[in-house]
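Letter by letter, the chains look like this.
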Amino acid sequence: MRIEIVQGDITEQTIDVMVNAANGMLMGGGGVDGAIHRAGGPSIMAECRELGGCATGDAKVTTAGLLSARHVVHAVGPVWRGGARGEPELLASCYRRAVEIADGLGCTSLAFPSISTGIYGYPIELAAPIALATGREAAENSSGITLLRYVLFSAPDLAVYADAAERLGISG
Ligand code: AR6
């Protein structure tokens, strides 16, 4: 199992499963969600409308439209409310569910954005170790996941993830 930490636009990745940082309505929005729906085209939203929303900490799957992926897994991260409202568990659950869903579909690779650390305000220094450790654990418990790629939009965000990876003994 390989873990990659890269800087870039997640919509430009070629991967089995592209993970979206969605909201509970699955109705699109700004940030990475807006970028995925823009680049993927309207078929993804048409499928999202049929899913009936998604609970925080969970994820649901659609096809990937025009993206270079087989599926988009729409994960709903927690809004940061100070950290004592279950945010760490809910964030971990997003990464776990995304890996489980991908594995269940027979996929082997996932690309993640930094869920909840944009509009939802989760401090990235706290989110990065959860994203990396939970993803790694879920992949190790999976039957066939061989690659997790964390795609960070900015150089400072990349540095935070690289630092967290080093602390966790993950070599990029
Ligand atoms: N590729 C990779 N990362 C990106 C991209 C991109 N194209 N665009 C933004 N990011 P956010 P959240 C980074 O706000 O905090 C939406 O409206 C961004 O810099 O996209 O989970 C949804 O509909 C940040 O580091 O997601 C929800 O309502 C990270 O992606 C809400 O935002 C996540 O930022 C979800 O908020």
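Each remark here, short or long, concerns the structure printed above.
The structure reproduced in this document is the subject of the present report.

What counts, and at which threshold
Residues numbered from 1 in each chain as written. Predicted model: local features only at pLDDT ≥ 70, side-chain atom pairs only at ≥ 80, totals over all residues. Heavy atoms only, no water. Helix = DSSP H or I, 4+ residues; strand = E, 2+ residues; numbered from the N terminus. Rg over C-alpha atoms; globule rule 2.2 N^0.38 Å. Buried < 20%, exposed > 50% of the residue type's maximum accessible area, 1.4 Å probe, protein only. Areas by Shrake-Rupley, 256 points an atom, 1.4 Å probe, with all protein chains shown as cover. Near = heavy atom within 4 Å. Polar contact = N/O pair within 3.5 Å; in protein donor to acceptor, adjacent residues only side chain to side chain. 1 Å grid on protein atoms, 1.4 Å probe; cavity = no way out; pocket = protein on both sides within 12 Å on 5 of 7 lines; lining within 4 Å. Sits in = over half its atoms within 2 Å of the grid points. Nonpolar A, V, L, I, M, F, W, Y, C, P; charged D, E, K, R; others polar. Pairing = 2+ DSSP bridges. Right-handed = clockwise from strand over helix to strand, strands pointing away. Core = buried A, V, L, I, M, F, W, Y, C linked by side-chain atoms within 4.5 Å. Contact = heavy atoms within 4.5 Å.

### Topic: the overall build of the chain
Step number 1: Of regular secondary structure, the chain possesses five helices and six strands.
Step number 2: Walking the chain from its N terminus toward its C terminus, one meets helices and strands in the order β-β-α-α-β-β-α-β-α-β-α.
Step number 3: The C-alpha radius of gyration computed for the chain amounts to 14 Å, which stays within 12% of the reference 16 Å derived for 172 residues, consistent with globular compactness.
Step number 4: Each principal axis of the C-alpha distribution contributes one length, and for the chain these read about 40 × 35 × 30 Å.
Step number 5: Taken over 172 residues, the chain has a buried fraction of 50%.
Step number 6: Total accessible area computed for the chain in this model is approximately 7,600 Å², and 52% of it derives from carbon and sulfur atoms.

### Here's the deal with the site of the ligand
Step number 1: Not every one of the 21 residues close to the ligand is listed here, only the nearest: Asn23, Gly30, Val32, Asp33 and Ser116.
Step number 2: Asn23 is positioned with one of its side-chain polar atoms (N or O) 2.7 Å from an oxygen atom of the ligand.
Step number 3: Here the ligand is seated within the largest pocket.
Step number 4: Its residues placed into classes, the shell around the ligand shows eight nonpolar, 10 polar and three charged.

### Some remarks on the pairing of strand 5 (residues 109-112)
Step number 1: The two faces of strand 5 match: Ser109 and Ala111 on one face and Leu110 and Phe112 on the other face are all buried.
Step number 2: As defined by bridge partners, strand 2 (residues 17-22) adjoins strand 5 across two bridges and the pair is classed as parallel. Counted as the bridge partner of Val17 is Leu110 from strand 5.
Step number 3: Looking at chain direction, strand 5 and strand 6 (residues 147-152) are connected through four bridges and run parallel. By the bridge assignment for strand 6, Leu110 is matched with Leu148.
Step number 4: As a crossover connection, the stretch from strand 5 through helix 4 (residues 124-140) into strand 6 is right-handed.

### Quick word on the nonpolar core
Step number 1: Ranked by internal contacts, the top residues of the largest apolar core, which has 37 residues, are Tyr95, Leu110, Phe112, Leu132, Leu148, Tyr150 and Tyr161.
Step number 2: Secondary structure elements with two or more residues in this core: strand 1 (2-7), strand 2, strand 4 (71-76), helix 3 (87-104), strand 5, helix 4, strand 6 and helix 5 (155-167).
Step number 3: Discounting residues that sit within four places of it in the chain, Phe112 has contacts with Ile10, Val19, Tyr95, Ala98, Val99, Leu148, Arg149, Tyr150 and Val151.
Step number 4: One finds Ile44, Ala64, Leu67 and Leu147 within the second-largest nonpolar core, a separate group that totals 18 residues.

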